[in-house]
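Results of the structural survey
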Amino acid sequence: MATVLITGVGREGQVGEAVAAAFAGRGDVVLLVDRAAEQVEARALGLRDAGHMAHGYACDLTDEAQVAALVGHVVSHHGASLDALVNLAGGWVGGGSVAATELAVWDRLFAINVRTALVTTRAFLPALRAARGAIVCFASEAVLPGADVAGMAAYAASKQGVATLVSALASEERAHGVRANAVAPASIRTRDNLAAMSAGERYVEREDVAAAVLWLCSPAAAAVTGQVIRLAP
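Note that residues are indexed from 1 along each chain, following the sequence as it is written. Local features in this predicted model are restricted to residues whose pLDDT is 70 or higher, and side-chain atom pairs enter the listing and the counts only when it is 80 or higher, whereas totals over whole chains, interfaces and linings include all residues. Side-chain figures throughout are based on the complete set of non-hydrogen atoms in the structure, without hydrogens or water.

**Details of the pairing of strand β5 (residues 134-138)**
- Under the scheme applied here, a residue whose accessible area is under 20% of the maximum for its type counts as buried, over 50% as exposed, and between as partly exposed, the area being computed with a 1.4 Å probe on protein chains only. Strands here are runs of E lasting at least two residues and helices are runs of H or I lasting at least four, both read from the DSSP assignment and numbered beginning at the N terminus. In terms of burial, β5 is a largely internal element, 5 of the 5 residues being buried.
- Alternating positions in β5 separate into two faces, Ala-134, Val-136 and Phe-138 on one and Ile-135 and Cys-137 on the other, with burial throughout.
- At least two DSSP bridges between two strands are required for those strands to pair. Relative to β5, strand β4 (residues 84-87) runs parallel, the two sharing 4 bridges. Bridging from a neighbouring strand, Ala-84 pairs with Ala-134 of β5.

Here it is as structure tokens:
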């Protein structure tokens, strides 16, 4: 039985819900984190009602003080070692050409996609080292070679920052037994994407994303680190 912390598990119908269910389904203790207290507790309650071990924590992951307090709660209630950290928090704020991109949008995307992963990972590294654990971050197919990023430079740049963070972590933490990888999915079939995208869009299924994350955090992937893995429909 592992202890796994997953960020960005709030709204119903999103990918975090499926990732949390996959870990809980194999008997792990899942610690769910989101900014919205009511939503993250609802996701944790749903898992507990199904017989799983789940706990919800509200935290603004861009705020170092709040994340430090979160670490204190986790260590106090679940021990000083963490088997896996899934940095799923983040998202899409808006697109536009480079010429039209507002700095507020650029800053917001870097905050929710890169800063959250950096602050959370750095805070939980001692617990991950104690367990020789795994880190999985969420990049995007927009960071892969040949991707067309016209109209989405801010988003693609922020997700490239996530990929770079993973590369650095994989090299720096190898001596501590900590692995770091990223998944780079195409559009995922979530409630938000179904509402926002065209009817002809092809999607990666949430369950397939969850399976990839589960594998990257498993002993079967013990030799895998520093990778950005494409997930396509």
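Next comes the rest of the description.
**Quick notes on the sheet that holds strand β6 (residues 179-185)**
- If you walk across this open sheet you meet the 7 strands as β3-β2-β1-β4-β5-β6-β7, and the pairing is parallel. Of all strands in the sheet, those bounded by a partner on one side alone are β3 (53-58) and β7 (228-231). On average, adjacent strands in this sheet sit at an angle of 20 degrees to one another, irrespective of strand direction.
- Sheet topology places strand β1 (residues 3-7) next to β4; 3 bridges connect them, and they run parallel. Considered in β4, the bridge of Leu-5 is made with Leu-85.
- Docked against the sheet, helix α4 (residues 103-131) engages β1, β4 and β5, running at close to 175 degrees with respect to β4. Here the axes come from fitting lines to C-alpha atoms, over the contacting stretch only for helices, and the angles between their N-to-C directions go from 0 to 180 degrees. Contacts are assigned to residue pairs with any non-hydrogen atoms lying within 4.5 Å of each other.

**Digging into the environment of Leu-61**
- On the secondary structure map, Leu-61 appears in the loop between β3 and α3 (64-78).
- As for Leu-61 and Thr-116, which are separated by 55 residues in sequence, their C-alpha atoms are 5.0 Å apart.
- Apart from the residues lying within four places of it in its own chain, the contact partners of Leu-61 are Thr-7, Val-33, Val-67, Leu-70, Ala-89, Arg-115, Thr-116, Val-119 and Thr-120.

From the geometry alone we can't say anything about function, so treat these as descriptive.
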